[in-house]
Each structure stands twice: as structure tokens, then as C-alpha cells.
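# Per-entry structural report
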Amino acid sequence: MERRVAELRVAERLRSTLGPLGLEAHAFKLTALLPQTESWCAKQLRLKGKPWVGWYNAVLQPAFHLPYPDDTLAFVVLSTPSMFDKALKPFVNKERLKIIRDPVDQCVSHHLSRVKEKFPDQRVDVMFDYEMLPSRKPKFLAQTAAHVAGAAYYYQRKDVKLDPWGKKKIFGVCIHPKYGGWFAIRGLLLFPDIQVPFLEQPAPVDCVSTEEKRIELLEQFNFHWQDGRYRDIIEVKERYSEEQKAYFATPPAERFRLLGLSQEAQRITFH
């Protein structure tokens, strides 16, 4: 019970801190082995004919395991469409006189690093989606984390029964039940001092449930990702504003002017 209360307190504090910034935090844990007993969530998925994926380390090869004890509490952090106005633009305006190399990454880094201040008695480790290991592998697999946390469904080639792609390389993509593809996975927050052996695993919402739609999604994401049609594979409740679409469609070196940053900042950054 005490561990459950600790997890709920952390989750509530994260919601109150990150929610106003257009960020979501979804809990998961790092158990390396599949449990011997079937949870309620696992049973529901089995009854629906869908495999239960297990927690993060349990579904990945050892090379991708996060080096923390079993049952360590973690949260995957997503940016929603409102993050652009609620967090990015205010951050840029505040930091205007400083050197900004990548506005979005620095904005997310700033806010997630400040999360530590909300937990003065806890160790909080932060990993960002752009960080790499010396081996050039990513520090964590973002889409896997989102899937096992129930935040977004990670659609992959194996989710299509009649594979039409032959020897082509097909990458998977996460779809959020509310935002479709109009979101991004930004980082992880890990709490090594909190173990949650009884954390219930939420099932990700299978919102692209037909074979035809899954093929369409993977086709659009792999071969036509620039036009962004894959993001609207489902009916979404919120998407990027036109200003935000223009920002992300612009080459990185030219995005500064869209945020009102000076030419000097661009020159310093990309010299």
C-alpha cells in the first residue's frame, strides 16, 4: 500500500507540474522478467486475442535494458500539440538573450530538469529522446516505452498479418488515441528509490484496429512521412496549429526566425 501511495503521489505531482506545459507523463516499470501470474490487464488482452507485451526490460534484448533494479518506477513524457504555445514560445521569449541551439530540445530539457526540484527527497534521473550511448544506440527506445506505459500504441510490421512489403525495411510508429500522430515522445523520468512491484499495466489503446488501416499507416509513415498524412490516420481531438506545422516543416537552421530569434543567435549556433 505504501508503495502504491508513493507512485500515486509522484504521478499527481508530475501531472500538476507538466500538464500546464502541454506535457503528459505515463508510468511504467523496468521489470526484466514476465510475471508468473497473469494480471487483469494481461487477461483482458489475451481474451481479445492480443498479446500482452510485458514491461520495458521484459520486451527488449539485454543490450537495450535500462540499468536499474527490477520494479523501478519510471515515466515516459510526451509533448502534446499545446506544448508549442504553453511551453516552447514562453521559454524562447524568456531565454531570448541566451544562445539557443535547439529550441524544442532545450525547452524540454529545461522543464524536465526542473522536475527534480519537485522531489527534493528523491533521486530523479532524466533521459532525453535525443541522447545516445557511446555505442551510438539510443539511451532508451522511446516508442517501446510509450507502448508499455499505455500512452500510445506502437504499430509495427508484425501487427500486419498479410505483409505486402517483401524485403523493404519498414519502421514502426506510435499513434496516440487522442492526438493520432500529432505528438512526440520527449524523455524518461526514472525514480530509482521507488519500486512498484504491483503497478498495474495499462493496455495501450488499439485505435488503428483494422488490417487495411495499419497497412495505410505504415505505408504513409515510411514512404510519405513528409506530408504528415499518417498523423491523421484516426480522427484526432487536437492537432498541431498551422504555426506549429510551419515550424516543424522548416529546416532546423531556418526555424529561429519563426520564433523571433535574432540572426546573431542563428550565426552563433550554426557557425
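Here the residue index of a chain counts from 1 through its sequence in written order. Predicted model: local features are reported for residues with pLDDT of at least 70 only, side-chain atom pairs are reported and counted for 80 or more only, and whole-chain, interface and lining totals are derived from all residues. Values reported for side chains reflect all heavy atoms of the structure, with hydrogen atoms and water molecules removed beforehand.

### Digging into the layout of surface pockets
We count it as follows: Buriedness for pockets is judged along seven lines, at least five of which must meet protein on both sides within 12 Å for an open set on the 1 Å grid over protein atoms alone, while cavities are sets there where a 1.4 Å probe fits but cannot get out, and lining residues have an atom within 4 Å of a point. Grid points are joined across faces, edges and corners, and a volume is the space filled by probe spheres set on the points. Secondary structure elements are defined from DSSP: runs of H or I of at least 4 residues count as helices, runs of E of at least 2 residues count as strands, and each element is numbered from the N terminus.
In this structure, the second largest pocket spans a volume of roughly 300 Å³. Contributing to the lining of the second largest pocket are 16 residues, with E7, A11, R15, A25 and A27 lying nearest its centre. At the level of secondary structure, the elements contributing two or more residues to the lining of the second largest pocket comprise α1 (2-18) and β1 (23-29). Top contributing element to the lining of the second largest pocket by residue count: α1, with six residues.

### Quick look at the pairing of β1
Let me state the cut-off plainly: For each residue, the accessible area found with a 1.4 Å probe, counting protein chains only, is set against the maximum for its type, and the residue is called buried under 20%, exposed over 50%, and partly exposed in between. Only when DSSP finds a minimum of two bridges between them are two strands counted as paired.
Counting buried residues along β1, five of its seven residues qualify, which places the element largely inside the surrounding structure. The sheet contact formed by β1 and strand β2 (residues 72-79) spans seven bridges and is antiparallel. When the bridges of β2 are listed, K29 appears paired with L73.

### Notes on the side chain of T80
The criterion, for reference: In what follows, a contact means two residues having at least one pair of non-hydrogen atoms within 4.5 Å.
Structurally, T80 can be placed in the loop between β2 and α3 (83-94). Here T80 is in contact with G22, E24 and Y179, once residues within four sequence places are set aside.

### Some words on the pairing of β2
The element β2 is extensively covered by neighbouring structure, given that eight of its eight residues are classed as buried. Residues T72, A74, V76 and L78 of β2 are buried on one face, and the alternating residues L73, F75, V77 and S79, pointing to the opposite face, are buried as well. Bridge count for β2 against strand β6 (residues 184-195) is eight bridges, and the pairing is antiparallel. What sits directly across from V77, in β6, is G187.

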